[in-house]
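A closer look at the structure
For reference, the chains in residue letters:
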Amino acid sequence: MDLRVAYTQAMREALALARQAAEAGDVPVGAVVLDAAGRIIGRGCNTREAHGDPLAHAEILAMREATQTLAKAGSDTRDAAEAADMDDSDMDFRGVGAAKPYATHRQSDCMACRTVSDDEIAADGAAAERPCRKAQCPHSEAHCARVRARSHFWNLADCTLVVTLEPCPMCAGACVQTHIGSIVFGAWDAKLGACGSVWDIPRDPHVGHAPEVYGGILEADCQAVLTDFFTARR
C-alpha cells in the first residue's frame with residue numbers, strides 16, 4: 001500500500017479521536033501509533049481538561065498504549081515459549097521444598113524476583129553483582145533473559161505516530177525519547193509546532209535520533225476540527 005494512502009487512513013482514525021476530545025471539552029487533537037505492518041497499536045486523544053493532567057496530550061497517550069501493546073504481545077510470546085521449554089527439572093525446582101539455588105542470578109538480572117527497586121539498584125552499583133535475596137530463583141536463565149528484554153518495549157523505532165496537529169516541544173521530545181520511526185501530522189501549529197514550524201526538534205542535529213517527518217496529511221480536515229472547536233467557544 002502507498003504510504004500516503006496508509007497515512008491518510010490512519011489520520012481519519014486520529015480525526016475521530018480528535019472529535020471525541022472536542023465532545024469532552026478538550027482541544028481536539030487525536031493520535032494513533034502504527035506498527036511496522038501498519039496496524040494500529042496505540043490510540044490517544046487530548047484529555048488534559050477531562051483528567052486534569054497537563055501532560056495528557058494525544059501523542060503521549062498513544063505512544064504509551066503502543067508500548068503496552070508491544071509488551072503484552074512480547075510477554076504472551078515468551079510465556080508460550082517458556083511453557084514449551086519447561087522440563088521436569090524446572091517443575092521440580094518450582095516445587096515446595098526445592099533447594100536448588102541459582103547462584104548465577106543477580107538482582108539486576110532477575111526482574112521477576114528482584115526485592116529491591118530499580119532506584120535502589122541505580123543508586124548502589126554493587127547491587128548489580130549481588131545475588132538474588134531470595135534463597136532460590138524459580139526461573140530459568142532463558143526466562144530471565146526474556147524478562148530483561150521487556151525493558152526494550154519502550155523503543156518504537158519500527159512504529160509511526162500519526163497525529164492531527166503538529167507535535168509541541170513536549171511531544172516532539174517524547175517522540176525522540178521513544179525513537180519513533182516516523183511522525184505524520186495533519187495541521188501545522190504556528191504557535192507551538194516543534195516538527196518544522198517554530199522548532200524542528202526531531203531533526204535537530206544535536207539530538208542524535210532523527211525520525212522521518214511528514215506534515216500536511218488531511219491538513220484541511222485537521223485544521224477544520226480545531227477551527228470549529230475554538231469558534232464555538234468564543
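Above this text you will find the structure in question.
Here goes a summary of the coordinates provided. Along every chain, residues carry numbers that run from 1 in the direction the sequence is written. For a predicted model such as this one, the threshold for reporting local features is a pLDDT of at least 70, and the threshold for listing and counting side-chain atom pairs is 80 or more; totals across whole chains, interfaces and linings nevertheless cover every residue. Where side-chain values are given, they derive from all heavy atoms of the structure, hydrogens and water being excluded.

**Re a nonpolar patch on the surface**
A contiguous nonpolar surface patch, about 270 Å² in accessible area, is contributed by Leu192, Val198 and Trp199. The buried label applies to any residue whose accessible area, calculated with a 1.4 Å probe on protein chains only, is under 20% of its type's maximum; exposed applies above 50%, and partly exposed to all values in between. Residue classification places leucine 192 among the partly exposed residues on the basis of a relative accessible area of 44%. To count toward a patch, a residue needs a relative accessible area above 30% and no salt bridge. Like charges then connect within 9 Å, nonpolar side chains (Val, Leu, Ile, Met, Phe, Trp, Tyr) within 5 Å. Methods summary: accessible areas were calculated by the Shrake-Rupley approach with a probe of 1.4 Å, and residue burial reflects only the protein chains presented. Salt bridges are counted wherever a side-chain nitrogen of Lys or Arg sits within 4 Å of a carboxyl oxygen of Asp or Glu.

**Some details on the environment of arginine 12**
Mapping arginine 12 onto the fold places it in helix H1 (residues 3-23). Residues contacting arginine 12, with those up to four places away along its chain left out, are Leu218 and Asp221. Secondary structure elements follow DSSP: runs of H or I no shorter than four residues count as helices, runs of E no shorter than two count as strands, and numbering proceeds from the N terminus. Throughout, a contact is declared for two residues whenever any of their heavy atoms are within 4.5 Å.

**Examining the sheet that holds strand E1 (residues 30-34)**
The pairing criterion for strands is at least two bridges between them, as found by DSSP. As summarised here, the arrangement of the five strands in space is E2-E1-E3-E4-E5, forming an open sheet in which the pairing is mixed. Edge positions in the sheet fall to strand E2 (40-45) and strand E5 (212-214), since each has one partner strand and no second. Between one strand axis and the next, the sheet turns through 15° on average, direction left out of account. For helices, the fitted line uses only the C-alpha atoms of the stretch in contact; every axis is such a line through C-alpha atoms, and the angle between N-to-C directions lies from 0 to 180 degrees. Its contacts with the sheet put helix H8 (residues 219-233) on strand E3 (160-165) and strand E4 (182-187), and the angle it makes with E4 is roughly 60°.

**Describing H1**
One less than the number of residues in a helix, times 1.5 Å, gives the span that helix is expected to have. The terminal C-alpha atoms of H1 lie 30 Å apart, and with 21 residues this matches the ideal 30 Å at 1.5 Å per residue to within 8%. Taken residue by residue, H1 has Tyr7, Thr8, Ala10, Met11, Ala14, Leu15, Leu17, Ala18 and Ala21 as its buried positions. Taken from the residues just after H1, glycine 25 is the one with a positive phi, measuring 90°.

**What to know about the pattern of salt bridges**
For the structure shown, the criterion picks out two salt bridges. Notably, a salt bridge pairs aspartate 35 with arginine 39, separated by 3.0 Å at the nearest N-O pair. A relative accessible area of 13% places aspartate 35 in the buried class. Residues aspartate 200 and arginine 203 are paired through a salt bridge, measuring 3.1 Å at the closest nitrogen-oxygen approach. Classification of arginine 203 by relative accessible area gives partly exposed; the value is 42%.

**Overview of helix H7 (residues 169-178)**
Since the α-helix advances by 3.6 residues per turn, residues separated by three or four positions end up pointing in the same direction. Residues of H7 that are buried include every one of Cys171, Ala172, Ala174, Cys175, Val176 and Thr178, and no others. Two residues or fewer after H7 comes histidine 179, characterised by a positive phi angle close to 60°.

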